[in-house]
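# Descriptive structure summary
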Amino acid sequence: MPSSAPSALPATKPKAAIPLGLVAGVIALIVVLLVPLPADLPVAGHRMLAILAFAVVVWITEAVSYEASAIIITALIAFLIGTSPNIQNPAVEYGTSAAISMALTGFANPALALVGGALFIAAAMTHTGLDRRIALLTLSKIGTSTRRVLIGCIAVTIILSLVVPSATARSAAVVPIMMGIITAFAVEKRSNVAAGIMIVVAQAVSIWNVGIQTAAAQNLLTIGFMDKMLGQRVTWADWLIAGAPWAIIMSVVLIVTILKLLPPEANEIAGGRESIDRLLAELGPMTGPQKRLMGVSILLLLAWATEGRLHRYDTTATTYFGLVLLMLPRFGVMTWKDVQSRIPWGTVIVFGVGISLGTTLLTTQAGKWLGEQVVLHTGLDSVGAVAVFAILAAFLIVVHLGFASATALTSAMLPILISVLTTLPGEFSRPGMTMLLGFTVSYGFLLPINAPQNMVCLGTDTFNARQFAKVGIVITIVGYLLMLLFAATYWRWLGWI
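Small disclaimer: the values here were computed from a predicted structure and weren't measured. Throughout, a residue's number is its position along its own chain's written sequence, starting from 1. Local features are withheld for residues below a pLDDT of 70 in this predicted model, meaning they are given only at 70 or higher, and side-chain atom pairs are given and counted only at 80 or more; totals for whole chains, interfaces and linings count all residues. Excluded from the side-chain calculations are hydrogens and water; all other atoms, namely the structure's heavy atoms, are used.

To qualify as a helix, a DSSP run of H or I must reach at least 4 residues; to qualify as a strand, a run of E must reach at least 2; elements of each kind are numbered from the N terminus. A count of helices and strands for the chain gives 23 helices and zero strands. The globule rule puts the C-alpha radius of gyration for 497 residues at 23 Å, and the 24 Å found for the chain is close to it. Along the first, second and third principal axes, the C-alpha atoms of the chain reach 95 × 75 × 50 Å. Here the chain, with 497 residues, has 56% of them falling under the buried criterion. Note that the radius of gyration is over C-alpha atoms, with the globule rule given as 2.2 Å times the number of residues to the power 0.38. Think of it in three bands: residues with accessible area under 20% of the maximum for their type are buried, residues over 50% are exposed, and the middle band is partly exposed, with areas taken using a 1.4 Å probe on protein chains only.

Along the chain, Gln467 falls in helix 22 (residues 465-488). Given a relative accessible area of 16%, Gln467 falls into the buried group. Whether two residues are in contact is decided by their heavy atoms: any pair within 4.5 Å suffices. Once residues lying within four places of it in the same chain are set aside, the contact partners of Gln467 are Arg190, Asn192, Ala195, Ile199, Leu262 and Thr462.

Time to look at helix 13 (residues 288-305). Expected helix span is taken as 1.5 Å per residue step, with the number of steps being one fewer than the number of residues. Relative to the 26 Å expected for 18 residues at 1.5 Å per residue, helix 13 spans 26 Å between its end C-alpha atoms, a close match to the ideal helical length. Of the residues making up helix 13, those classed as buried are Gln290, Leu293, Val296, Ser297, Leu300, Leu301, Ala303 and Trp304. Down the axis of helix 13, the buried set is contained in an arc of 160°. They therefore lie on one face. Exposed residues on helix 13 whose side chains face more than 90 degrees from its buried face are Lys291 and Leu302. For this quantity, the arc is that covered by the directions from the helix axis to the C-beta atoms.

This part is about a nonpolar patch on the surface. Like-charged residues within 9 Å of one another, or nonpolar side chains (Val, Leu, Ile, Met, Phe, Trp, Tyr) within 5 Å, are grouped into patches, provided each residue has over 30% relative accessible area and no salt bridge. Surface accessibility in these figures is a Shrake-Rupley result with a 1.4 Å probe; residues are shielded only by whichever protein chains are displayed. By convention in these notes, a salt bridge is any Lys or Arg side-chain nitrogen within 4 Å of a carboxyl oxygen on Asp or Glu. Judged by side-chain polarity, Ile18, Val23, Ile27, Val31 and Val35 come together as a nonpolar surface patch covering roughly 430 Å² of accessible area. On the secondary structure map, Ile27 appears in helix 1 (residues 20-34).

Every buried residue belonging to helix 4 (residues 96-103) is among Ala99, Met102 and Ala103, and all of these are buried. All buried residues of helix 4 project into a common sector of 100° when viewed along the axis, lining one side. Where helix 4 is buried, its residues contact helix 3 (66-81) and helix 16 (345-363).

Our next topic: the state of the cysteines. Cysteine sulfur pairs qualify as disulfides if the two atoms are within 2.5 Å. All chains considered together, the criterion is met by zero disulfides. Take Cys457: it sits in no disulfide, and the sulfur closest to it among the cysteines is that of Cys153, at 9.4 Å.

It is at 10 Å that the axes of helix 10 (residues 217-230) and helix 19 (residues 406-423) come closest, and there the two elements cross at 30°. One element, helix 10, and the other, helix 19, form an angle in the roughly parallel class. Both helix 10 and helix 19 take part in a crossing whose hand is right-handed. The residues of helix 19 that touch helix 10, namely those facing Ala217, Gln218, Leu221, Thr222, Phe225, Met226, Met229 and Leu230, are Ala406, Thr407, Thr410, Ser411, Leu414, Pro415, Ile418, Ser419 and Thr422. Here an angle of 0 to 180 degrees is reported between the N-to-C directions of two axes, which are lines fitted to C-alpha atoms, with helices fitted over the stretch in contact. Working definition: roughly parallel below 35 degrees, roughly antiparallel above 145 degrees, roughly perpendicular at 65 to 115 degrees, and oblique for all remaining angles. Handedness of a crossing is defined here by the sense of rotation of the near helix relative to the far one, left-handed for an anticlockwise turn of less than a right angle and right-handed for a clockwise turn.

Even without a glycine there, the phi angle at Arg330 is positive, about 75°. Of note, Arg330 is situated in the loop between helix 14 (315-327) and helix 15 (336-339). Even without a glycine there, the phi angle at Gln365 is positive, about 70°. Structurally, Gln365 can be placed in the loop between helix 16 and helix 17 (366-378).

What follows deals with the pattern of salt bridges. Scanning the entire structure with this criterion turns up four salt bridges. Across the pair Arg190 and Asp461 runs a salt bridge whose closest N-O atoms are separated by 2.9 Å. Of this pair, Arg190 sits in the loop between helix 8 (167-184) and helix 9 (192-211) while Asp461 is found in the loop between helix 21 (452-458) and helix 22, placing the two residues 271 residues apart along the sequence. Of the charged contacts, one joins Arg309 and Asp238 as a salt bridge, the two residues approaching to 3.2 Å between their closest N and O atoms. One end of the pair, Arg309, is in the loop between helix 13 and helix 14; the other, Asp238, is in helix 11 (residues 236-261), with 71 residues separating them in the sequence.

What follows is about the environment of Ala305. In this structure, Ala305 sits in helix 13. The partly exposed category is assigned to Ala305, whose relative accessible area is 28%. Taking C-alpha positions, Ala305 is 4.8 Å from Ala237, a pair spaced 68 residues apart along the chain. Here Ala305 is in contact with Trp236 and Ala237, once residues within four sequence places are set aside.

Glancing now at the side chain of Ser419. In this structure, Ser419 sits in helix 19. With a relative accessible area of 3%, Ser419 lands in the buried category. Within the structure, Ser419 has its side chain in polar contact with the backbone oxygen of Pro415 (distance 3.0 Å). Excluding residues that lie within four positions of it along the chain, Ser419 makes contacts with Met229, Gly367, Lys368 and Gly371. The definition of a polar contact used here is a pair of N or O atoms within 3.5 Å, where within protein one atom must be able to donate a hydrogen and the other to accept one, and adjacent residues in sequence count solely through side-chain atom pairs.

Our next topic: the packing of helix 5 (residues 110-128) against helix 14. The geometry of helix 5 relative to helix 14 is characterised by a closest axis approach of 9 Å and an angle of 35° between their N-to-C directions. Note that helix 5 runs across helix 14; the crossing there is left-handed. The residues of helix 14 that touch helix 5, namely those facing Pro110, Ala113, Leu114, Gly116, Gly117, Phe120 and Ile121, are Thr315, Thr316, Thr319, Tyr320, Leu323 and Met327. Grouping the constituent residues of the contact of helix 5 with helix 14 by class yields eight nonpolar, five polar and no charged. All residues other than Ala, Val, Leu, Ile, Met, Phe, Trp, Tyr, Cys, Pro, Asp, Glu, Lys and Arg, Gly among them, are scored as polar; the first ten of these are nonpolar and the last four charged.

Here's what the structure looks like:
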């Protein structure tokens, strides 16, 4: 009888190694916990600084997903703060029940609700295809010379920044359109024209994150911290008046920089107009849902822009009124089933825990203590308001090089900087300075890894990291110097410095 071949043993899946970044985060946590307790820092505050050190290391190294890190941070707050002496009554501990409430307090913040609403609107745009229609219509009005296509990219970004309150969603909407146009124009994928178009898309998204409050999650997180830690906030219109002029100037700088550093191979792209007209024709006439979504979007823009002037309803309340209209039976444009798979729920979790982290740093006096140490050892209290902004803004821009998420950067650093501002002597606008520092959080210009929209554009394989950085260095330096000029003049005149 033929001998039967031995059955193959099932392959064993190799065990995944523990990420080094996670190990480094745990080490940072333990080291801070072992540092002798300062006399003027409560135990709970000491432990919150250890949790902050863990969060910063894990976020910078991306050892685990942001969603997973948010859950870990929640658990650390629950147990480390829960077993700490209560600041008001050191004879008793906080208890894990009170500590978990502190860890989840960010989920009751209006800013989180606004982020959720913004994600719904972005999902509605992609569900109905209105974002694509707006982009193509805008490009059709601009023209098809190389210079005009670049201008068209920025124009599309500005318009979508007004109605699509998500940087990643905007880039995801624009990139396929621009790739389609690049293909239709028969432009080489690795040409300066293609590289310039895609770098403009990425950098313009970041530039207009500064100009429009609802354009990015980090802006809404900044508003949430202002509301919680300073008891004040700035309106959508105030943010626009302060940020849009800078964004307009930087949009011009971006186009000039692209044309100088990546000179296009041709000044006119053949067949451009026909290609755009063809893509528009494929979309057909504007649908009923698109018309209703456009109407609601315009209504929201008017409500946001007139807050505090024509009515007293804040941005979150008016946004949710718009969501009600969008989800009404018959009138609405989407159902829960239509949008639930399009919404990045992890963003909501990270955002909520980020607010909780900042709020708990304040509650445990860790933020105040850290702010006092920064002021004491840097001499910030001996310089003027413009110099304070220059130093703190430069710090944020440099630190951003280590972060792949502006939301994570805001969660980790802005509460500390707000604590520094509240510790500083002198008469200057703390909410205004916080807003201006919030502007610099969007400086993801240098490396593709520094912002999700950069990575979306890098995925088109039209440019490399070196080309991106070459443009980004110019944009970062000019943008920073322009902000200092604005701080000494325009923003001071507005009363934000």
